Amino acid sequence: MDKDDKIFMTRLDLARMGVAYSNTHLLYLEKIGAFPKRIRLSPQKVVWNHAEVMSWANGLFASREAI
C-alpha cells in the first residue's frame, strides 16, 4: 500500500487543485466512472482518495497531450 492510499482529499482540497465541480456534477461523474468514487466518513462528510484523484488528473493531462 502506497502512502498516498492513506491520504484523503476533501471538497476544499479538490477546489484548491482546480476541480471546482458542483456536488451534483461530481456524483454524475462518479456514476459514469469518470471520477473516483467518494468515501463516506459519516452521513455528512465525504472524501476522496488522493492517489485516485491524482491518477484521474494525470489521465486528463495525458489525454490533452495526445491531441
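Note that the coordinates shown come from a computational prediction; the quantities given were computed from them, not determined experimentally.

## Overview of the packing of aromatic side chains
Point 1. Scanning all chains against the criterion turns up two aromatic pairs.
Point 2. Taking 4.7 Å as the distance between ring centres and 75° as the angle between the ring planes, the aromatic pair formed by Phe 35 and Trp 56 counts as edge-to-face. Remark: Trp 56 occurs in helix 3 (residues 50-65) and Phe 35 occurs in the loop between helix 2 (23-31) and strand 2 (39-42); sequence separation between them is 21 residues. No difference in accessibility class separates Phe 35 from Trp 56, as the two residues are buried.
Point 3. Site record: aromatic cluster; members linked through ring pairs are Phe 35, Trp 48 and Trp 56.

## Concerning helix 2
Point 1. Those residues of helix 2 that fall on the buried side of the exposure criterion are Leu 26, Leu 29 and Glu 30. Take helix 2 and look down its axis: the buried residues cluster within an arc of 100°, on one side only. Pointing more than 90 degrees away from the buried face of helix 2 are the exposed residues Thr 24 and Lys 31.
Point 2. Elements in contact with the buried residues of helix 2: helix 1 (11-16) and strand 3 (45-49).
Point 3. One or two positions beyond helix 2, positive phi appears at Gly 33, with a value near 80°.

Criteria and cut-off values
Residues numbered from 1 in each chain as written. Predicted model: local features only at pLDDT ≥ 70, side-chain atom pairs only at ≥ 80, totals over all residues. Heavy atoms only, no water. Phe/Tyr/Trp six-rings, centres within 6.5 Å; stacked < 30°, edge-to-face > 60°. Helix = DSSP H or I, 4+ residues; strand = E, 2+ residues; numbered from the N terminus. Buried < 20%, exposed > 50% of the residue type's maximum accessible area, 1.4 Å probe, protein only. Arc of directions from axis to C-beta. Contact = heavy atoms within 4.5 Å.

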